[in-house]
Amino acid sequence: MTDQTPVLRLEGIVKTFPGVRALDGVSLNIMPGEVHALMGENGAGKSTLMKVLGGIYQPDEGQIIVGEAPSVMSSPLDAKAKGIVFIHQELSLADELSVAENIYLGELPRKRFGMVDWDTLYRRTDAILDKLKVGFNAKTIVGDLSIANQQMVEIARALTVEAKAVIFDEPTASLTDAEKVVLFEVISDLQAQGVGIVYISHRMEEIFKITDRISVLRDGSYRSTVNTADTNEESITQLMIGRSLDLSRNESHHELGDVALEVRGLSCGNLYTDVSFEVRRGEVLGFYGLVGAGRTEIAETLFGLRDPSAGTVLLDGVETTINSPADAISKGISLVPEDRKGQGLVLGMNCRDNMTLPQVDDLTAGPFVAEGSEVAIFDQYRDKLDIRTPGWKQIVGNLSGGNQQKIVIGKWLSMHPSVLIVDEPTRGIDVGSKAEIHNLIRDLAAQGYAVIVISSEMPEVLHVSDRIVAMYSGKVMRTFTSEEVTEESLIQAISGLSSDKAA
Amino acid sequence: METGKYSKYLKSGAIWGFIVLELIFFTIAGEFLSLSDKAFMDADNMLLLFKQSAPIGIIAMGMTIIMVNGNIDLSVGAIYAICAIVLLDSMTWPMFATLGDGVIPVAWALALLVGVLLGALNGLIVWKTGVDAFIVTLGSMLGYRGLVFMYNGEQPTSHLNWTLVDFAEAQFLGLHTPTWFLLIATTAIWFLMNRTVHGRNAYAIGNNREAAVNAGIRVGPHIMINFMIIGFLSALSAVVFYSESGSVNPNDGELYELWVITAVVLGGTKLTGGAGSIVGTFGGVLAIQLLRKGLSHIGADTSTVNLVIGLILIAVLFLDRQLNIKGKEELKV
């Protein structure tokens, strides 16, 4: 393999977004006929790198070399024309159109006068679909297909051109085992034709089954490339998480009270199934898993935003159904949502109004809003949570991320909940404020709140939780106490490896 | 998936079922309530119905492609009025005086050209500024209407050319000239949307803009072409109608945008774009015209007609929403 020219080379790619250096001098060689795994934690920069490669982002520095020629990928179509095909993780399909039109989106075969050449289109598409052994044809409307079959449509796009390199971003996320087998056959076909494959996945067993080499990214920078045959799961895991992170675990435990919330066999369609757990007063329960594992959906169900399809929810030992957010709030459940700016705050409103938003209906003096009591509530939680703002008149949009998050938390605390669910509490918050939020979460538990923390960041989960629930594609894999958890066992649990293998 | 298929058939067939229902209702109700002794389903009456559908119907074809593309155009009524003025006024211009009846194709071409240009201006602004089409065309609706009033003040612009009137009132194979234009516009846009790359890309853009961009479809030019098409069709609608009437008031075409959008939405096009069909829009246009005609046949006045159409539109959108909720696991909003 050494004397061959790489089909694709990346040299010193740098990409910055305002405030973040998403990629920091990443280099990578993809050889013809190899399957090259790209691994890293959530946010390590894998997707950004692939978007640079696919022409969706332009790199700030560095070079992309296809074959021998340095190339600029000005657009996705340009990348495709140069033989770089990108199979997206999120489905990028038009669901009202047919399978054939989606596969050839942007490059429908033409006849005279800009007319679509339907015969050619359907013939070519059916040939591709035959190869994929799927149970639908070119004329099927994409919206009628299952998510797994839609993923197969996405994959079929790779087969429309003479590709030099194909990038698969989490292709198996929604596939069944039988479909995976077909996908792996497709990949080995491509391999045999000398196509270079970049394979992004969190699933170790797949990586070790089909890849030739593994490159690891961490915090936007390139770590190492190893031959798959010469390594094992543990050393890859170590490369991914590194040693520099503060992985200290929570060691203090508060006195636990009664069970505040218990969930038994909760399911919601195919978003998550048979989820059971309990949280006591004074306890922080962490939910850790990959994006799409169903964690946020559970929180949304508990907050009355989704109807569960099965299972029961018990509050203080009493079975309840939660019909709406208003219902959830009145029963003592509060949700600090994932997207602080979009879902948690009204950015253009001031601090006081944001904080009293859920109860402003009750804070009235005659027909008017009782501003005095609003200010009193704000002052109380400003002191309690140490929110740094010049005054209640400050517009929330002008505060730092950490202080914004405290406003959201204060808003819910002022509703006197017994269960507080915090989804991604420190997303987009700088390191110093992160520690503060973490301490705050611990304090809240100490005061007797039952707290659920959902996070994609392992250090965070380890740091704040008394117990950790590991989720993988809608199922609870294992529940750890903070004493027994290790980074390796946690990573393996959320990658779908069975617990006996992890031990 | 079974229920999905069922609701799909229900949706595409609904408008035609509604039309049949209207026909039955007005035929029966007409027996008792109508002052005229002619039946509602009289052949002449139906031919007239098609003819009267033409002005709204021709524009609605353009609106379908605009809405499928994920945009909207509120300026069609104003473009319609401007093009009507251009058509009638240009026939009196001294520089064309030597042409005789040869002025007719020149005036037609001028009016259509103006329509295309005004549409192109809308499209260019939407494309280049990225401002929502609703706002852009709200502005151009007011602006273009202002131009209409600047041209001749509150006065109507009139010019009757009898050759033109004869052409416009002619019946070929039993159908009136405007009906033919409606049918031609319908066929042409149907062909454009179902058979050409441009049309399919318009669906893709409206359905999932990000996917379209990722697939390398150039969104802007497609949007601009669609605005030119609707500009052309607004002009065509004006040309067909005013060839016969010969006089345009500065208020003419007001609220056309709303009638047109109503017809398109009744015909099953999604307000958010990505789905819709020309055949459905054709049904929507007929359904509205039938309702207007039928209600006046049984003696209701204009205000009742508007009330009924308004209620039906809301009922249709509610039904559509119910059919589109996919499952219980969906996030409640």
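It should be noted that the structure appears before, not after, this text.
Quick look at the structure, then.

As a further point, take the overall build of chain B. Secondary structure summary: chain B contains 13 helices and 4 strands in total. Its C-alpha radius of gyration of 21 Å places chain B within 12% of the 20 Å reference for a compact globule of 333 residues. The C-alpha extent of chain B, read off along each of the three principal axes, is 70 × 60 × 35 Å. Out of the 333 residues in chain B, the part that is buried amounts to 52%. Here the analysis covers contacts within chain B between residues at least 6 apart in sequence; of these, 80% occur between residues at least 24 apart. Surface exposure of chain B reaches about 15,500 Å², of which carbon and sulfur atoms provide 68%. Side chains of chain B give 18 positive and 22 negative charges; the mean places of these two sets differ by 15 Å.

This next bit is on the interface of chain A and chain B. One frequent convention defines the size of an interface as the accessible area lost when the parts assemble. Each partner contributes residues to the interface: chain A has 32 residues there, and chain B has 29 residues. Summed over both sides, the interface of chain A with chain B buries roughly 2,500 Å², with 53% coming from carbon and sulfur. For chain A, the biggest contributors to the area lost against chain B are Glu96, Leu105 and Asp144 of chain A; these three give 20% of the whole. Among the salt bridges present, the one from Glu101 of chain A reaches Arg200 of chain B, with a minimum N-O distance of 2.3 Å. Across the chain A-chain B interface, the total number found is 7 residue pairs in polar contact (both at pLDDT 80 or more). Class assignment for the residues of the side of chain A that touches chain B results in 16 nonpolar, 8 polar and 8 charged.

For the rest of this paragraph, the subject is the nonpolar core. Counting 98 residues, the largest nonpolar core has Ile58, Met63, Leu87, Ile189, Leu233 and Tyr242 of chain B as the members making the most contacts within it. By residue number, the principal contributor to this core is helix H2 (residues 43-68) of chain B, which donates 13 residues. The contact partners of Ile189 of chain B, leaving out residues within four places of it in the chain, are Met61, Ile229, Leu233 and Ile278 of chain B. If you look at the next biggest cluster of nonpolar residues, it comprises 65 residues, including Ile128, Ala138, Tyr199 and Val485 of chain A.

Rules used in this analysis
Residues numbered from 1 in each chain as written. Chains lettered and ligands numbered in written order. Predicted model: local features only at pLDDT ≥ 70, side-chain atom pairs only at ≥ 80, totals over all residues. Heavy atoms only, no water. Helix = DSSP H or I, 4+ residues; strand = E, 2+ residues; numbered from the N terminus. Rg over C-alpha atoms; globule rule 2.2 N^0.38 Å. Buried < 20%, exposed > 50% of the residue type's maximum accessible area, 1.4 Å probe, protein only. Contact = heavy atoms within 4.5 Å. Areas by Shrake-Rupley, 256 points an atom, 1.4 Å probe, with all protein chains shown as cover. Lys, Arg positive; Asp, Glu negative; His and termini not counted. Charge placed at Lys NZ, Arg CZ, Asp CG, Glu CD. Buried area = accessible area lost by both parts, 1.4 Å probe. Salt bridge = Lys/Arg side-chain N within 4 Å of Asp/Glu carboxyl O. Polar contact = N/O pair within 3.5 Å; in protein donor to acceptor, adjacent residues only side chain to side chain. Nonpolar A, V, L, I, M, F, W, Y, C, P; charged D, E, K, R; others polar. Core = buried A, V, L, I, M, F, W, Y, C linked by side-chain atoms within 4.5 Å.

Treat this as a map of the structure, not an account of what it does.
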